[in-house]
Amino acid sequence: MEDGSDLPVTVLNGKPGYINFLDALNSIQLVKELKEACGLPAAASFKHVSPAGAALGLPLSEVERKMYHIAPDMELSPLACAYARARGADRMSSFGDWIALSDVCDVPTAKLIQHEVSDGIIAPGYEPEALTILAGKKKGNYNVVSIDPAYKPNPVEHKQVYGITFEQGRNELVINVDTMLNNWVTENKTVTEEQKHDLIIALITLKYTQSNSVCYVKGGQAIGIGAGQQSRIHCTRLAGQKADNWWLRQSPQVLGLQFVDGLGRADRDNAIDVYMGDEYEDVLAEGVWQTRFKVKPAVFTREEKRAWLNQLTDVTLGSDAFFPFSDNIERAHKSGVKYIAQPGGSVRDDAVIECCDKYDMAMVFTGIRLFHHLSLIHISEPTRRSYI
């Protein structure tokens, strides 16, 4: 360390590189804050310094086990459930992920990770058997990193860009129900504790997501994250499509797919993704479907998909900066969004609120932007406006 103290991280296996450590040190903060805010074990799945998924350790339903490729009789601890959810939100993006766990990695979690394609993991510790399981991945080269749970970083951070050193205060913003969810600006102000926790999950996830970013959350897990887009509506559309895909994977049409024996998880995920999309013929064409399915699936029509998506409700949505136009609300509505947290401060706030009222949504202004650009984080307060 710069001050001469020992590093708070220890490489227990493998040889993690620069990007691995960026993923590790961003993701561990996310899961630590999720646990502090919500009181449950948390996990995150990171790719290219942004989360593909983040979740709390809530039990999985039978449908969730099936869609996440987990056997009905497999033992799952709360921590394992957290990672299953984080990985399962967007399995295409999580392929080759970096994993972060809020708690000591136990054996059920290690066994779950054992069968996934992943680059590495960071956690505050590992049970001996769990460490043995993980160290055996990738022919013994899997990256396993531990971090001192008592570590407190310096309050001032530095970063060099093009030979110039930038300095800023660390992002110590505490995100919880009491600090962020007070200024409800819509006619509907009825929000349950569970939905408030989902909003907090969205905001903490955004704190460590490349800007611009938005995050859809339902049932204690992120289900769609839109990261690193220059246009906010493109973030909302991207994350909304991911949320839609998460819900479509629970449909009878997808759960009923009969894959050929021996087809790997990644190949199944790819086949599902194409089957649900507009280019479904790429997996249903003659001579192609036989390599993936035992029985040729019927086309999942646009009308059938829309009918299933109409059943997705009570989704929460967070945004790292204000929505400049009501088109974001219109798009969010199509993915079942009912509750929104955003900073506010746009000159068009009134139009955005009016659109929320049209759909009976509840929206809170947090008053805080959560911009995140790799290691540089910008927090600012837009003009605060109070709506009674």
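Residues numbered from 1 in each chain as written. Predicted model: local features only at pLDDT ≥ 70, side-chain atom pairs only at ≥ 80, totals over all residues. Heavy atoms only, no water.

A. Just the overall build of the chain, in detail. A count of helical and extended segments in the chain gives 15 helices and 16 strands. A total of 388 residues make up the chain; the buried ones form 54% of that total. Across the chain, contacts joining residues at least 24 apart in sequence account for 58% of those joining residues at least 6 apart. (Helix = DSSP H or I, 4+ residues; strand = E, 2+ residues; numbered from the N terminus. Buried < 20%, exposed > 50% of the residue type's maximum accessible area, 1.4 Å probe, protein only. Contact = heavy atoms within 4.5 Å.)

B. Representation of the packing of helix α9 (residues 232–248) against helix α14 (residues 327–334). Close contact between α9 and α14 brings their axes to 9 Å; oriented N to C, the two are set at 5 degrees. The angle between α9 and α14 places the two elements in the roughly parallel class. On α14, the residues that touch R232, I233, T236, R237, G240, Q241 and D244 of α9 are D327, N328, R331, A332 and K334. The residue inventory of the contact of α9 with α14, partitioned by class, reads two nonpolar, four polar and six charged. (Axes fitted to C-alpha atoms, helices over the stretch in contact; angles between N-to-C directions. Parallel < 35°, antiparallel > 145°, perpendicular 65-115°, else oblique. Nonpolar A, V, L, I, M, F, W, Y, C, P; charged D, E, K, R; others polar.)

C. Inspection of the nonpolar core at higher detail. The biggest cluster of nonpolar side chains holds 70 residues, and the ones touching the most others in it are L101, I121, L134, Y216 and I340. Tallying contributions element by element places helix α3 (residues 78–88) first for this core, with seven residues. One finds A24, A42, V145 and I368 within the second-largest nonpolar core, a separate group that totals 40 residues. (Core = buried A, V, L, I, M, F, W, Y, C linked by side-chain atoms within 4.5 Å.)

D. Focus on the pairing of strand β5 (residues 118–123). In terms of residue burial, β5 counts as a mostly covered element, since five of its six residues are buried. For the crossover from strand β4 (residues 97–101) across helix α5 (residues 107–114) to β5, the handedness is right-handed. Sheet topology note: the β5/strand β6 (residues 143–147) ladder contains four bridges and is parallel. When the bridges of β6 are listed, I121 appears paired with V144. The parallel pair β5 and β6 is bridged by helix α6 (residues 128–135), and the resulting crossover is right-handed. (Right-handed = clockwise from strand over helix to strand, strands pointing away. Pairing = 2+ DSSP bridges.)

E. Geometry of unusual backbone geometry. Cis geometry is adopted by the peptide bond preceding N212, which originates at S211 and carries an omega value of -10 degrees. In this structure, N212 sits in the loop between α8 (193–207) and β10 (213–218). Positive phi outside glycine occurs at H69, with the angle close to 60 degrees. The topology assignment puts H69 in the loop between α2 (62–67) and α3. In this structure, D314 is a non-glycine residue whose phi angle is positive, near 55 degrees. For D314, the location among the structural elements is in the loop between α13 (302–309) and β12 (315–319).

F. Here's a closer look at the pattern of salt bridges. Counting across every chain of the model gives 19 salt bridges. Between D244 and R331 there is a salt bridge, with the nearest N and O atoms lying 3.2 Å from each other. Of this pair, D244 sits in helix α9 while R331 sits in helix α14, and the two are 87 residues apart along the sequence. Taken individually, D244 and R331 each receive the classification buried, so the pair is uniform in this respect. Among the ionic contacts, a cluster of salt bridges with common partners joins R87, R91, D97, E116, R265 and D269. (Salt bridge = Lys/Arg side-chain N within 4 Å of Asp/Glu carboxyl O.)

G. Spotlight on the packing of aromatic side chains. Overall, the coordinates contain four aromatic pairs when judged by the stated rule. Between W246 and W247, the aromatic rings sit 6.2 Å apart at their centres with planes inclined by 40 degrees, giving tilted as the arrangement. Summarising the burial analysis for this pair, W246 and W247 share the class buried. Seen in terms of ring centroids, W247 and W308 are 5.5 Å apart; in terms of plane orientation they differ by 25 degrees. Their pairing is stacked. Here W247 is found in helix α9, whereas its partner W308 is found in helix α13, with 61 residues between them in sequence. Each member of the pair W247 and W308 is classed as buried. Site record: aromatic cluster; members linked through ring pairs are W246, W247 and W308. Here the guanidinium or amino end of K137 rests over the ring plane of Y142, the centre of that ring lying 5.2 Å away. (Phe/Tyr/Trp six-rings, centres within 6.5 Å; stacked < 30°, edge-to-face > 60°. Lys NZ or Arg CZ within 6 Å of the ring centre and 35° of its normal.)

H. Highlighting the pairing of strand β2 (residues 42–47). β2 sits mainly inside the fold: five of its six residues count as buried. Pairing between β2 and strand β3 (residues 50–56): six bridges, direction antiparallel. Paired with K47 across the strands is S50, a residue of β3. Hairpin remark: β2 followed by β3, antiparallel, with two residues in the connecting loop; positive phi at H48, about 55 degrees. Examined bridge by bridge, β2 and β4 share four bridges and lie antiparallel to one another.

I. The arrangement of the environment of A43 in detail. Examined against the element boundaries, A43 turns out to sit in strand β2. On the accessibility criterion, A43 (0% relative accessible area) is buried. Once the C-alpha coordinates of A43 and Q258 are considered, the two residues, 215 residues apart in sequence, prove to be 30 Å apart. For A43, the residues in contact, after removing those within four places along its chain, are V31, G53, A54, A55, A82, Y83, A86, A100 and L101.

J. Broad picture of the state of the cysteines. Going through the model one piece at a time under the given rule, you end up with zero disulfides. Among the cysteines around C235, which has no disulfide bond, C215 carries the closest sulfur, lying 11 Å off. Owing to a relative accessible area of 0%, C235 belongs among the buried residues under this scheme. (Disulfide = S-S within 2.5 Å.)

K. Up close: the environment of L76. As for its placement among the helices and strands, L76 is situated in the loop between α2 and α3. The buried category is assigned to L76, whose relative accessible area is 16%. Measuring from C-alpha to C-alpha, the distance between L76 and P59 comes to 8.3 Å, with 17 residues separating the pair along the chain. Setting aside anything within four residues of it in sequence, one finds L76 in contact with L60, R65, I70, C81, P108 and L112.

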